[in-house]
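This is what each chain is made of:
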Amino acid sequence: MSRKEWPLWEIFIRGQHGLNHRHVGSLHAPDAEMAINNARDVYTRRKEGVSIWVVPSAQITASAPSDKGPLFDPAESKVYRHPTFYDIPEDVGHM
Amino acid sequence: MYAQMVKSEGMKSLEDMTPEERAFQERIDRGEKIEPKEWMPEGYRKTLIRQIGQHAHSEIVGQLPEGNWVTRAPTLERKAILLAKVQDEAGHGLYLYSAAETLGVSRDELMEKLHSGAMKYSSIFNYPTLTWADMGAVGWLVDGAAIMNQVPLQRTSYGPYSRAMIRICKEESFHQRQGYAIMMKMAQGTPEQREMAQDAFNRFWFPALMMFGPSDKDSVHSAQSMAWKIKMNTNDELRQKFVDETVPQAEFLGLTVPDETLRWNEARGHYDFAEPDWDEFFEVIKGNGPCNEERLEARRSAWDRGAWFRDGLSAYAEKAAARRAAARVAAE
Ligand SMILES: [Fe+2]
Ligand SMILES: [Fe+2]
């Protein structure tokens, strides 16, 4: 094998107008333009999208699985961030 | 099943596990998904690479028997449908290769292992597609058997594999239905067409039953894979389910299941049926099926003859990147 393997790209698709782009998977392509072309064929054969983002996988920085505790556990005790924490008398009406 | 006889690693009891292994097994037992960068036993990783890789190879090689009829489809509509179906299979292969790559194997490595014969693909694709009716039989039976196996795998423990299976299952139903529609057309057609439909059914019935892999009593690697939830049902369970669902569909077509021993067993609530010829199965797996050489040769030659194109696109991408960099410098 003479050549280098094509780089990997992460593919994000906006399913409908008004929605966020969502990660749908990844694919190999030589450059961004081809990544979009390939993503069209691989991930939107049934009109699954109205817009495509492609990002080189190597450019993504991910949190480490071992950091899950320190990152996300602190939110657990902050129940007062949810509306259900507060008892509002029914007489007040919808709030 | 698209992954037959995947070699798994030895099974350990909870007591013999290291604390890490035990925590891992408990996560799986709780129904949690395992994601790529998380700790996993080496055996889990290796077994998954084999299984997902074999599954991906099956999707890719599986294009060949149907690709054989794209240019000879009886109508333009049938041609468009078959082309769309074959294109879906390419997509399935790509979703699965990507899932395998999250386990630390490269795409080129997977390709190389397919081409060298180090990795297998499903035995079913080593049978020839001789008539147009075979396009019906393949969609109905082969995709039907694949669905039987893939639906439960949507709940598999490995996140990327599970997500690939969910995408694939959404697309498979079209495959089976277009196949069955071809069979209906043929079965209701001229006597010659009926005969073609029956002939295709005769040739694909037992190879389709083999797709689920050897009988449970000869299936040595199931226990560990089932504990890890990368195999959700035993081979015989799925084979029985397939037979039970397919027989009434054959009756509707007015076709005869090519098995004289086939009987409804009232007590079991299932059909009794003849096992496929396992010697034939093992021969096909070993590389001695009717089309093994042809299939591998087609894949190798597609890879080799596509090299200039892959290299060309890489060279273009590099030059374009260099041009963009130069333009940036000039603009500063
Ligand atoms: Fe498929
Ligand atoms: Fe399919």
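For the structure, see preceding data.
So, here is what we can say about the structure in this document. None of these values were measured; they are calculated from a predicted model. (Residues numbered from 1 in each chain as written. Chains lettered and ligands numbered in written order. Predicted model: local features only at pLDDT ≥ 70, side-chain atom pairs only at ≥ 80, totals over all residues. Heavy atoms only, no water.)

**Some thoughts on the overall build of chain B**
Looking only at helices and strands, chain B features 13 helices and two strands. Scaling as 2.2 N^0.38, a compact globule of 332 residues should have a C-alpha radius of gyration of about 20 Å, and chain B matches this with 22 Å. Taken along the three principal axes of its C-alpha coordinates, chain B extends 75 × 60 × 35 Å. Residues counted as buried form 53% of the 332 residues belonging to chain B. Long-range pairs, those at least 24 residues apart, make up 79% of the contacts in chain B with a sequence separation of at least 6. One finds the centroid of the 42 positive side-chain charges in chain B at a distance of 6 Å from the centroid of its 50 negative side-chain charges. (Helix = DSSP H or I, 4+ residues; strand = E, 2+ residues; numbered from the N terminus. Rg over C-alpha atoms; globule rule 2.2 N^0.38 Å. Buried < 20%, exposed > 50% of the residue type's maximum accessible area, 1.4 Å probe, protein only. Contact = heavy atoms within 4.5 Å. Lys, Arg positive; Asp, Glu negative; His and termini not counted. Charge placed at Lys NZ, Arg CZ, Asp CG, Glu CD.)

**Some remarks on the overall build of chain A**
Broken down by element type, chain A carries two helices and three strands. Each helix and strand of chain A, placed in order from N terminus to C terminus, yields the pattern β-β-α-β-α. For chain A, the C-alpha atoms occupy an extent of roughly 75 × 35 × 15 Å along the three principal directions. Split into buried and exposed, the 95 residues of chain A put 24% on the buried side.

**Re the interface of chain B and chain A**
Each partner contributes residues to the interface: chain B has 24 residues there, and chain A has 21 residues. The contact between chain B and chain A buries some 2000 Å² in all, and 50% of this surface belongs to carbon and sulfur atoms. Counting the surface chain B buries against chain A, the share from its top three residues, Asp-108, Arg-167 and Leu-313 of chain B, is 23%. Put simply, chain B and chain A have five salt bridges between them. (Buried area = accessible area lost by both parts, 1.4 Å probe. Salt bridge = Lys/Arg side-chain N within 4 Å of Asp/Glu carboxyl O.)

**Focus: the packing of aromatic side chains**
In the structure shown here, the tally under the stated rule is 17 aromatic pairs over all chains. A ring pair is formed by Phe-85 of chain A and Tyr-86 of chain A, whose centres lie 5.0 Å apart and whose planes are at 85 degrees; its orientation type is edge-to-face. With a centroid separation of 5.5 Å and 50 degrees between ring planes, the pair formed by Phe-212 of chain B and Phe-242 of chain B is classed as tilted. Within this pair, whereas Phe-212 of chain B is found in the loop between helix 8 (191–210) and helix 9 (222–227), its partner Phe-242 of chain B is found in helix 10 (residues 235–253), the two being separated by 30 residues in sequence. In this structure, Phe-212 of chain B and Phe-242 of chain B share a single accessibility class: buried. (Phe/Tyr/Trp six-rings, centres within 6.5 Å; stacked < 30°, edge-to-face > 60°.)

**Quick notes on the coordination of the iron ion (ligand 1)**
Residue and element names in this part refer to chain B. For the iron ion (ligand 1), the full set of protein donor atoms is Glu-59 (OE), Glu-89 (OE), His-92 (ND1) and Glu-172 (OE), and the range of their distances to it is 2.1 to 2.5 Å. What the four donor atoms of the iron ion (ligand 1) show is an angle range of 81 to 151 degrees at the metal, which sorts the shape as irregular. Sequence spacing among the residues donating to the iron ion (ligand 1) works out to E-x29-E-x2-H-x79-E. (Donors = N, O, S within 2.8 Å, 3.2 Å for Na, K, Ca; no water. Tetrahedral: all angles 85-135°; square planar, octahedral: opposite > 155°, others 65-115°.)

**Overview of a nonpolar patch on the surface**
Residue and element names in this part refer to chain A. A contiguous nonpolar surface patch, about 750 Å² in accessible area, is contributed by Val-79, Tyr-80, Phe-85, Tyr-86, Ile-88, Val-92 and Met-95. With respect to the secondary-structure elements, Val-92 resides in the segment after helix 2 (68–72). A relative accessible area of 46% means that Val-92 is categorised as partly exposed. (Patch = residues over 30% accessible without salt bridge, like charges linked within 9 Å, V, L, I, M, F, W, Y side chains within 5 Å. Areas by Shrake-Rupley, 256 points an atom, 1.4 Å probe, with all protein chains shown as cover.)

**Structural notes on a positive patch on the surface**
A surface patch of like charges, here positive, comprises Lys-319, Arg-323, Arg-324 and Arg-328 of chain B. Relative to the elements of secondary structure, Arg-324 of chain B occurs in helix 13 (residues 307–331).

**Digging into the environment of Gln-63 of chain B**
Residues and elements named next belong to chain B. Checked against the element boundaries, Gln-63 lands in helix 3 (residues 63–67). Once the C-alpha coordinates of Gln-63 and Gln-87 are considered, the two residues, 24 residues apart in sequence, prove to be 8.0 Å apart. Excluding residues within four positions of it along the chain, Gln-63 makes contact with Val-86, Glu-89 and Ala-90.

**Quick word on the environment of Arg-30 of chain B**
In this structure, Arg-30 of chain B sits in the loop between helix 1 (19–29) and helix 2 (42–61). Residues Arg-30 of chain B and Ile-124 of chain B, spaced 94 residues apart in sequence, show a C-alpha to C-alpha distance of 35 Å.

**Looking at the coordination of the iron ion (ligand 2)**
All names here are of chain B. The protein atoms donating to the iron ion (ligand 2) are Glu-89 (OE), Asp-143 (OD), Glu-172 (OE) and His-175 (ND1), with metal-donor distances spanning 1.9 to 2.3 Å. Each of the four donor atoms bound to the iron ion (ligand 2) contributes to angles spanning 83 to 169 degrees, and the resulting shape is irregular. Between consecutive donor residues of the iron ion (ligand 2), the sequence gaps follow E-x53-D-x28-E-x2-H. For Glu-172, a relative accessible area of 0% translates into the label buried.

**Some thoughts on the nonpolar core**
Membership of the largest hydrophobic core comes to 86 residues, with the highest contact counts inside it found for Leu-27 of chain A together with Tyr-44, Ile-52, Tyr-158, Phe-201 and Phe-242 of chain B. Here the element with the most residues in this core is helix 6 (residues 133–153) of chain B; it accounts for 11 residues. Excluding residues that lie within four positions of it along the chain, Ile-52 of chain B makes contacts with Leu-96, Ala-99, Ala-100, Leu-103, Tyr-158 and Tyr-161 of chain B. The next biggest cluster of nonpolar side chains, apart from the first, holds six residues, and it includes Tyr-127, Met-210, Phe-281 and Ile-285 of chain B. (Core = buried A, V, L, I, M, F, W, Y, C linked by side-chain atoms within 4.5 Å.)

**So, helix 7 (residues 159–187) of chain B**
Here helix 7 of chain B contains 29 residues, and its C-alpha end-to-end distance of 42 Å stays within 8% of the 42 Å for a straight helix at 1.5 Å per residue. Maximal helix bending in helix 7 of chain B amounts to about 30 degrees, located at Glu-171 of chain B. (Expected span 1.5 Å × (residues − 1). Bend = angle between axes of the 7 residues up to and from the residue.)

**Looking at the layout of surface pockets**
Counted as a void, the largest pocket has a volume near 1500 Å³. Contributing to the lining of the largest pocket are 39 residues, with Glu-10, His-23, Val-24 and Gly-25 of chain A together with Arg-163 of chain B lying nearest its centre. When contributions to the lining of the largest pocket are tallied by element, the ones reaching two or more residues are strand 1 (8–14), strand 2 (21–28) and helix 2 of chain A together with helix 4 (76–101) and helix 7 of chain B. A total of seven residues in the lining of the largest pocket trace back to one element, the largest contributor, which is helix 7 of chain B. (1 Å grid on protein atoms, 1.4 Å probe; cavity = no way out; pocket = protein on both sides within 12 Å on 5 of 7 lines; lining within 4 Å. Points joined across faces, edges and corners; volume = space filled by probe spheres on them.)

**Some words on the side chain of His-21 of chain A**
Residue and element names in this part refer to chain A. Checked against the element boundaries, His-21 lands in strand 2. Judged by relative accessible area, which is 12%, His-21 ranks as buried. Looking at His-21, its side chain comes within polar contact range of the side chain of Ser-51, at 2.6 Å. Beyond its immediate sequence surroundings of up to four residues, His-21 is in contact with Phe-12, Ile-13, Arg-14, Ser-51, Ile-52 and Trp-53. (Polar contact = N/O pair within 3.5 Å; in protein donor to acceptor, adjacent residues only side chain to side chain.)

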